[in-house]
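# Structure assessment
Below are the chains, spelled out letter by letter.
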Amino acid sequence: MTNHKEFKMSVITVCKNVEEKVEETLCSVIAQSYSNLEYIVVDGASADNTVSIIQKHAAKIGHWISACDQGIYDAMNKGVAMASGEYIWFLGAGDSFPSADIVSRVAAILAEMPSTDILCGQVLNVDKERGLFRLSSSNLTADEVFSGYMHPHQGMVARRQLLLDHPFSLEYRIAADFAFFLACYLKQYQIRYIDDCIALFDCGGISGASGVWIDEYEQILQCTLPPARKQIWRSHLRQERCKRFLMDVLSAIGMLTPVKVHLCGWNKSLPDKLRTE
C-alpha cells in the first residue's frame with residue numbers, strides 16, 4: 001500500500017428527498033483536510049430541493065449523479081462502481097464526521113495496518129429530535145455478530161475491491177449491509193476495530209425508524225448460520241421486537257426521553273472525547 005498521504009479514500013453519500021439534511025453532510029465531507037479524498041454523491045432522482053443543494057456544492061464534489069434506482073443498496077452499489085479509492089466510506093444524508101481531520105487519521109491507521117479489509121470505529125448515535133447522544137462500542141464479539149449485531153455502515157471503512165466482489169444484495173430494503181458484514185466475518189476477512197469515534201449517525205434514517213430490519217436480519221441469519229446458533233439469534237431478535245414495541249408505546253405517551261437517558265445509556269450532552277473548547 002502507498003503512503004497514507006497518497007492513497008485515495010472515497011466517501012460516498014446516497015440520498016433522496018433529504019433537502020433538510022443533505023447540506024450538513026456535504027459540508028462535513030468537503031471540510032475534510034485529507035488531500036486525496038474522492039467524494040461521490042448518488043441521488044435517487046429527488047423531487048425536492050436536494051439536487052439544487054448538491055449542485056450548489058458541485059465544484060467540490062468529485063462525481064455526482066441523480067437518477068432513479070432500486071433503493072438505497074442499488075445506489076450504494078452505483079457509488080462503489082464510480083469510486084476509485086482504495087477504501088470506501090459511506091456517509092448517509094444527515095450523518096457527519098466528528099472532525100475535519102478524521103479521514104486523514106483513519107487513512108494513517110490503515111497505512112499502518114495494510115492487511116485491513118474493514119476498519120470499524122465508534123459511532124455517535126444522535127437523536128436530533130430529543131437532543132440525545134449515545135456512543136457505540138467499536139468492538140464486537142463473535143456471539144454478538146452471530147446474534148445480529150453489526151456496526152452502522154457509517155462506522156465501517158471497507159476495501160473497495162471487497163465491495164466490488166461482494167455487492168450489496170437488492171433483496172433487502174434495510175439489512176443488506178448486515179448481510180455484507182456477516183459474510184465478510186464468516187469468510188475471515190481482516191476486520192479491525194479502533195476505539196475512536198469516526199462518524200455521527202442520524203438515528204432518524206430509514207433503518208432507525210422502522211422495525212423491518214428485524215425481519216430481514218432474521219431471514220439473513222436463518223439462511224447463513226448453522227442451526228446450532230438459531231436459539232441465540234432468535235432470542236436476541238425476540239428481545240429487539242419487544243424493545244421496539246415498548247419504545248413505540250413510550251414515545252406515544254411522552255416518556256421515551258427519560259427512559260433512554262436513565263435506562264438505555266443515552267446522554268443529553270456530547271461525550272467528553274467529542275467536546276471542543
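Everything below is about the structure shown above.
What counts, and at which threshold
Residues numbered from 1 in each chain as written. Predicted model: local features only at pLDDT ≥ 70, side-chain atom pairs only at ≥ 80, totals over all residues. Heavy atoms only, no water. Salt bridge = Lys/Arg side-chain N within 4 Å of Asp/Glu carboxyl O. Buried < 20%, exposed > 50% of the residue type's maximum accessible area, 1.4 Å probe, protein only. Helix = DSSP H or I, 4+ residues; strand = E, 2+ residues; numbered from the N terminus. Pairing = 2+ DSSP bridges. Contact = heavy atoms within 4.5 Å. Right-handed = clockwise from strand over helix to strand, strands pointing away.

### Examining the pattern of salt bridges
On inspection of all chains with the given rule, the structure shows 12 salt bridges. Between Arg130 and Glu129 there is a salt bridge, with its nearest N and O atoms 3.8 Å apart. A relative accessible area of 70% places Glu129 in the exposed class. Note that Lys243 and Glu240 form a salt bridge whose closest N and O atoms lie 3.4 Å from each other. Placement of both Lys243 and Glu240 in helix H9 (residues 230-252) is noted, with a separation of 3 residues, approximately one turn of the helix.

### So, the pairing of strand S4 (residues 87-90)
With burial as the criterion, each face of S4 is covered, one bearing Tyr87 and Trp89 and the other bearing Ile88 and Phe90. Sheet topology note: the strand S1 (residues 9-15)/S4 ladder contains 4 bridges and is parallel. In the sheet register, Met9 faces S4, and the bridge partner there is Tyr87. As paired elements, S4 and strand S7 (residues 156-159) share 3 bridges and run antiparallel to each other. From the neighbouring strand, Tyr87 faces S7, where its bridge partner is Arg159.

### Brief notes about the side chain of Gln154
Among the structural elements, Gln154 can be located in the loop between helix H5 (142-145) and S7. Those residues within four positions of Gln154 in sequence are excluded, and the remaining contacts are Trp89, Phe90, Leu91, Gly92, Asp95, Val123, Ile198, Ala199 and Phe201.

### Regarding the pairing of S1
Of all 7 residues in S1, 7 are buried; the element is thus mostly enclosed. Here S1 shows a buried face lined by Met9, Val11, Thr13 and Cys15 and a second buried face lined by Ser10, Ile12 and Val14. Where S1 lies against strand S2 (residues 37-43), 7 bridges are found, and the strand directions are parallel. Following the sheet pairing, Thr13 is matched in S2 by Val41. Tracing the backbone out of S1, into helix H1 (residues 22-30) and back to the parallel element S2 gives a crossover that is right-handed.

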